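Chain by chain, the residues:
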Amino acid sequence: MDALLPTTVVGSYPQPGWLIDRAQLGSKVPRVRMPEIWKVENTFLEEAQDDATLLAIRDMERAGIDIITDGEMRRESYSNRFATALEGIDIERPGSTINRSGVPIPVPRVAGPIRRRAPVEVRDVAFLRKNTSKRIKITLPGPFTMAQQAQDDYYKDEEALALAFAAAVNEELRDLKAAGADVVQLDEPWLQARAEGARRYGLEAVNRALAGVRGTTALHLCFGYAALVKDKPASGYSFLSELENSAVDQISIEAAQPKLDLGVLRALRTKTVHIGVIDLNDRNVETPHQVATRIRAALEVVPPERLIVTPDCGMKYLPREVAFGKLQALVAGAELVRAEL
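About the criteria used
- Residues numbered from 1 in each chain as written.
- Predicted model: local features only at pLDDT ≥ 70, side-chain atom pairs only at ≥ 80, totals over all residues.
- Heavy atoms only, no water.
- Helix = DSSP H or I, 4+ residues; strand = E, 2+ residues; numbered from the N terminus.
- Rg over C-alpha atoms; globule rule 2.2 N^0.38 Å.
- Buried < 20%, exposed > 50% of the residue type's maximum accessible area, 1.4 Å probe, protein only.
- Areas by Shrake-Rupley, 256 points an atom, 1.4 Å probe, with all protein chains shown as cover.
- Lys, Arg positive; Asp, Glu negative; His and termini not counted.
- Charge placed at Lys NZ, Arg CZ, Asp CG, Glu CD.
- Contact = heavy atoms within 4.5 Å.
- Polar contact = N/O pair within 3.5 Å; in protein donor to acceptor, adjacent residues only side chain to side chain.

Notes on the overall build of the protein
Part 1 of the reasoning: Helices and strands together make up the secondary structure of the protein, namely ten helices and ten strands.
Part 2 of the reasoning: At 19 Å, the protein has a C-alpha radius of gyration in line with the 20 Å of a compact globule built from 341 residues.
Part 3 of the reasoning: Taken along its principal axes, the extent of the C-alpha atoms in the protein is 55 × 45 × 40 Å.
Part 4 of the reasoning: Per-residue burial for the protein yields a buried fraction of 59% across its 341 residues.
Part 5 of the reasoning: About 13,300 Å² of surface is accessible on the protein, with carbon and sulfur atoms providing 48% of the total.
Part 6 of the reasoning: A distance of 0 Å separates the average location of the 44 positive side-chain charges in the protein from that of its 47 negative side-chain charges.

Concerning the environment of alanine 256
Part 1 of the reasoning: Among the secondary structure elements, alanine 256 is positioned in the loop between strand 8 (250-253) and strand 9 (272-276).
Part 2 of the reasoning: Among the residues examined, alanine 256 registers a relative accessible area of 8% and is labelled buried.
Part 3 of the reasoning: For the pair alanine 256 and glycine 215, spaced 41 residues apart in the sequence, the C-alpha separation amounts to 28 Å.
Part 4 of the reasoning: Filtering out sequence-adjacent residues up to four positions away, alanine 256 remains in contact with Gly276, Val277, Ile278, Asp279, Arg294 and Asp312.

Digging into the environment of threonine 69
Part 1 of the reasoning: Structurally, threonine 69 is set in the loop between strand 1 (67-68) and helix 3 (80-83).
Part 2 of the reasoning: Accessibility expressed as a relative area gives 1% for threonine 69, which makes it buried.
Part 3 of the reasoning: Not counting the four nearest positions on each side in its chain, threonine 69 is found in contact with Val9, Gly11, Ile57, Met60, Leu128 and Lys137.
Part 4 of the reasoning: At 2.8 Å, the side chain of threonine 69 forms a polar contact with the backbone oxygen of glycine 11.
Part 5 of the reasoning: At a separation of 3.0 Å, a polar atom in the side chain of threonine 69 contacts the main-chain amide nitrogen of glycine 71.

Here you go:
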């Protein structure tokens, strides 16, 4: 981007109530498929998802967002659509694991070698590219996170499983770039949740996923969705500074809801940082001046040429009018600070 402080969203945007059961959506983050969440019958579901994607694109454009996503309108969660499309996953007999809140949940069960059967999100990128002239970003669950969200009955080795997911992700990323994605983003919240394992093999899995992928790459990590996780530590991430040594170009974090001590960002000396400056736990729309204050705080530790401003993650859980208002505030706040530089 030529302009300083470009804006983007982390990935998701509110899905319309005519498309998805929003009450079920807010009750959990599904790891296995959850077809009952869709309100539109299967015959018309793809068309309805396309229409919802156009709404998300137009909202982001009207708000003035610089780097557009598809809003993840076709997903039941950020991860399950890709993870359950892979060969080696038994979707008929799911497994179980403990989630980040310490509760057992159903997850994909690994019953054989993990391989990508066919592109999963290439049509999503092509549709997005066709319907906006702005730069576009697409998100994909990261290999470490998918390995943590699975029951491994085949590899019996969590590192081997993560690297197998990484190989499948790498194939997908190459195709997403070829389809026109300007930015590809790995969603890796479990690097933060399972820092011990992340330090042992997380970077190896991420670097394997990104090997040979040309153009801009990003990685997102967080403490969990605001709709589900309320108490977040201001002291920092259990796994963040390690990403300075990763192959990824940009690191995306949430900072507004946890009121993060931004001094932790000094460890990312060469990375571009996506900083969350919109609190999604607060249904009140920020003023541009509130957003500008948060951006100025980030600029005390990250130079403007390495800063991208975003909401925290999980806009899909907000009412659409609130989400749109927050995007407008994000853009207006960035413009205030940009005029000062």
